[in-house]
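Chains, contacts and geometry: an overview
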Amino acid sequence: MNIMDYSILLGIESKVLIKTEMGDFTADETDRSASVSSTAELERFKRHRFTSPDRRWTYHVSIIDFLQFWNCQKVGEQFLKTKFLGANKL
Amino acid sequence: MNFVRRATSFNNQPGLRSKPGKAGDFVLPGAKITAFSTSIFQRMRAMDNIGFDHIQKSLHPRTNRDQIFKTGEAAGASGSFFFFSHDRRFIVKTLTGEELRLLEKILPALHKHFKKNPGSLLSRIYGVYTVEMQDYQKVHLILMGNTLRFDNNLDISRIYDMKGSTFSRLVKGRTKSSSTLKDQNFVSNQFHVQEIQLS
């Protein structure tokens, strides 16, 4: 049986929270317009970006490597690679 | 079409004779490049407002020399080779024949899925090409959008590639904050990730 394989790619970015009388905001909220080259581009990355409830972190989430099959052959392959090449080479 | 022609123009090997190809085939001196399912990929690029000029700019061979030569060092877990464009907008990866056949099968459904779910977390595919050169094995290449765009690389705290398994999913030794770690690192680091709403 073929089971589809995939990875979740999670990038964690820390945000500096700036406290002002007008409220708190993170550094890039103040100069975002300057750092982003086009709105189309912003949209492309926006779907993978999530802000933590306390706004101190940005989580970048995506699903990658979804074209691989995980089957018995792969399990055997992985075992052999781990055994003879060492796990760190994978 | 132009970008592929330029991308391989540095290759001045003796010509590989190629028959007049179908639409979407690139015929070059020394190499033959076949583009797959051009109309679907064209629409998938249009959905993300990506034109050939963007691809050409991001993947120009002169600005990507270093990226391409580094490819050999960074073999992916699946044994595939990949590199990021110099501006990190795109990622180019090799595909196995098996992966290519799977993609061909699911591509129409995948396209439909992206149309229906613009916020899908799946990484986007913008093109698939087969490169054939004399004396070399043919190579399948996939062009994808990069999904990790940090506001400031100095603020990267951790990057994890997770498969939901704890078998052989550990990156050992000293790592940088920009290193891609795996499941077992995630568990042992006990980094607190707050609950978020995935739309």
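Residues numbered from 1 in each chain as written. Chains lettered and ligands numbered in written order. Predicted model: local features only at pLDDT ≥ 70, side-chain atom pairs only at ≥ 80, totals over all residues.

**A closer look at the overall build of chain B**
- For chain B, the helix and strand inventory stands at six helices and eight strands.
- Secondary structure elements of chain B, listed N to C terminal, follow the sequence α-β-β-α-α-α-β-β-α-β-β-β-β-α. (Helix = DSSP H or I, 4+ residues; strand = E, 2+ residues; numbered from the N terminus.)

**Let's talk about the interface of chain B and chain A**
- Between chain B and chain A, the residue contacts involve 33 residues of the former and 35 residues of the latter.
- Contributing elements (two or more residues each) for the side of chain B that touches chain A: α5 (97-116) and β7 (156-162) of chain B.
- When residues in the side of chain B that touches chain A are grouped by element, the largest group, seven residues, is from β7 of chain B.
- In terms of residue class, the side of chain B that touches chain A is built from 14 nonpolar, nine polar and ten charged. (Contact = placed C-beta atoms within 7 Å. Nonpolar A, V, L, I, M, F, W, Y, C, P; charged D, E, K, R; others polar.)

**Brief notes about helix α2 (residues 38-47) of chain B**
Residues and elements named next belong to chain B.
- Within α2 the residues assigned to the buried category are Phe-41, Met-44 and Arg-45. Angular distribution of buried residues about the axis of α2 spans 100°; they occupy a single face of the element. In this structure, α2 carries Ser-39 and Ala-46 as exposed residues pointing more than 90 degrees from its buried face.
- In the core, the buried residues of α2 are packed alongside α5 and β5 (125-133).
- Among the residues trailing α2, Asn-49 stands out with phi positive, at a value near 55°. (Buried ≥ 20, exposed ≤ 12 C-beta atoms within 10 Å, placed from the backbone. Arc of directions from axis to C-beta.)

**Here we look at the pairing of strand β2 (residues 17-20) of chain A**
All names here are of chain A.
- Pairing of β2 with strand β3 (residues 23-26) involves four bridges; the strand directions are antiparallel. The partner of Ile-18 across the bridge, within β3, is Phe-25.
- As consecutive antiparallel partners, β2 and β3 are separated by two residues. (Pairing = 2+ DSSP bridges.)

**Re unusual backbone geometry**
Residue and element names in this part refer to chain A.
- A positive phi is found at Arg-55, a non-glycine position, where the angle reads about 65°.
- When you line up the elements, Arg-55 lands in the loop between β4 (49-51) and β5 (57-70).
- For Arg-55, a count of 13 C-beta atoms within 10 Å corresponds to the partly exposed category.
- With phi around 55°, Asp-65 is a residue other than glycine that occupies positive phi space.
- Mapped onto the elements, Asp-65 comes out in strand β5.
- By C-beta crowding, Asp-65 is classed as buried, having 20 other C-beta atoms within 10 Å.

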